[in-house]
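Chain residues, written in single-letter form:
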Amino acid sequence: MRALVTGAAGFVGGWLTRALAARDVEVHGMRLRQESGAVSSPSEAGVKFWHNGDIRDAAVLRAAIMASRPDLIFHLAGISSVGEAEQDPAATVAINVGSTVQLLHEVARARDAGLGDPTVLVVGSGEQYGRHPLGEQPIPESTGQQPLTLYAASKAAQELLALQAARRHGLRVVCARSFNHTGAGQPTRFLIPALVERAVSLRITGQTELRLGNSTPVRDISHVSDVVDAYILLAEHGVPGDVYNVCRGEGVSVREIAAAVLRRVGVAATLVEDPALVRPVDVPALVGDPSRLMARTGWAPRHTLDDCIDDLINATTH
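Residues numbered from 1 in each chain as written. Predicted model: local features only at pLDDT ≥ 70, side-chain atom pairs only at ≥ 80, totals over all residues. Heavy atoms only, no water.

Draft legend 1. Broad picture of the overall build of the protein. Within the protein one finds 10 helices and 14 strands. Relative to a compact globule of 318 residues, whose C-alpha radius of gyration would be 20 Å, the protein shows 19 Å and is just as compact. Structurally, the protein occupies a C-alpha span of about 65 × 50 × 40 Å along its principal axes. When the accessible area of the protein is evaluated, it comes to approximately 13,800 Å², of which 51% is carbon and sulfur surface. The distance from the centre of the 30 positive side-chain charges to the centre of the 34 negative ones in the protein is 4 Å. (Helix = DSSP H or I, 4+ residues; strand = E, 2+ residues; numbered from the N terminus. Rg over C-alpha atoms; globule rule 2.2 N^0.38 Å. Areas by Shrake-Rupley, 256 points an atom, 1.4 Å probe, with all protein chains shown as cover. Lys, Arg positive; Asp, Glu negative; His and termini not counted. Charge placed at Lys NZ, Arg CZ, Asp CG, Glu CD.)

This is how it looks when you write it as structure tokens:
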């Protein structure tokens, strides 16, 4: 088996490439560029062949597909956070939406030339659902999408066009809507790594306040290793043209997450909401229903929130 992973040098990409390599899959990774003199990314251990270049470039995508002749394609590359997306809206649409359209176009060209018919997993976000009452959660895939942010809208558009390509060209496209996930290696612009970094700092400085943004939102948190296991199972067993939530199906508030971080770090501190950290637009609750994923693939989460936090603590302190 051969797999092509876009965004392979990123946080989730590194976990995915290592998981694939452990299953004896020959992994081809795509990344924007190789920095001169840079330390090898954690994903290096899982990637056999690297393909460097911008995923918005048709020639780059074509060359990677021709060289790898993949059985599976995992499309992870893209703008991955709400804040980052807002900084450059045009680039967000070009990367999240345009690159997906171009990738599937090149897959269709290669298939028509008799060069393989890979399954393509397109990774979206639970943010696509937008705001729904807590009483309607956990959210199944049949729930209407009401994206509140540019990031969420770009992911909804990405999925819509991916499924259109599947219908138009008969491509083997499977779509995932991934809810929040974390683990060692996730940047501190994301919630839980940021909280862990601040809590570890409190242990060193002796300060007694842990600052956070809005403490009331409820989120469905998974460990990244469970998420990449779901991606692999969906690529192998998902029904082409279908969409699957990737989540635990359990909600926890930001305040509860912060309290768990303090407990695992081993510090006593007061939780203080900092207006500077509050998002201008935030979904009050976002909890997914993983029943379709579980029924189709047999997947089940193996890690708890405490496991996620402990991994981040170990990565921060070692």
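Read on, since the account is not over.
Draft legend 2. Main features of the pattern of salt bridges. All told, the structure shown has 17 salt bridges when counted by the stated rule. Residue aspartate 54 is joined to arginine 56 by a salt bridge in which the shortest nitrogen-to-oxygen separation is 3.0 Å. We note a salt bridge from arginine 111 to aspartate 112, for which the minimum N-O separation is 3.3 Å. Arginine 111 gets classed as partly exposed once you look at its relative accessible area, which sits at 24%. Overlapping salt bridges bring together Arg23, Asp226, Asp229 and Arg302 as one network. (Salt bridge = Lys/Arg side-chain N within 4 Å of Asp/Glu carboxyl O. Buried < 20%, exposed > 50% of the residue type's maximum accessible area, 1.4 Å probe, protein only.)

Draft legend 3. Representation of the side chain of arginine 177 within the structure. With respect to the helices and strands, the residue arginine 177 is situated in strand 6 (residues 172-178). A distance of 2.8 Å separates a polar atom in the side chain of arginine 177 from a polar atom in the side chain of tyrosine 129. Among all residues touching arginine 177, those that are not within four sequence positions of it are Gly124, Ser125, Gly126, Gln128, Tyr129, Glu141, Gln145, Glu159, Val243, Tyr244, Asn245 and Val246. (Polar contact = N/O pair within 3.5 Å; in protein donor to acceptor, adjacent residues only side chain to side chain. Contact = heavy atoms within 4.5 Å.)

Draft legend 4. Here's a closer look at the packing of helix 8 (residues 254-265) against helix 10 (residues 305-317). Viewed as axis vectors pointing N to C, helix 8 and helix 10 meet at an angle of 55 degrees, and their least axial separation amounts to 10 Å. By the angle between their axes, helix 8 is oblique relative to helix 10. As helix 8 packs across helix 10, the resulting crossing turns out to be right-handed. Across the interface between the two elements, Ile257, Ala260, Val261, Arg263, Arg264 and Val265 of helix 8 pack against Leu305, Asp306, Ile309, Asp310 and Ile313 of helix 10. (Axes fitted to C-alpha atoms, helices over the stretch in contact; angles between N-to-C directions. Parallel < 35°, antiparallel > 145°, perpendicular 65-115°, else oblique. Left-handed = near helix turned anticlockwise from the far one by under 90°.)

Draft legend 5. Structural view of the packing of helix 2 (residues 58-68) against helix 4 (residues 89-112). Here helix 2 crosses helix 4 at 45 degrees, and the two axes come no closer than 9 Å. Viewed along their axes, helix 2 and helix 4 adopt a mutual orientation that is oblique. For the crossing formed where helix 2 meets helix 4, the hand is right-handed. In this structure, helix 2 contributes Ala58, Leu61, Arg62 and Ile65 to the contact, and helix 4 contributes Ser99, Gln102, Leu103, Glu106, Val107, Arg109 and Ala110. Classifying every residue of the contact of helix 2 with helix 4 gives six nonpolar, two polar and three charged. (Nonpolar A, V, L, I, M, F, W, Y, C, P; charged D, E, K, R; others polar.)

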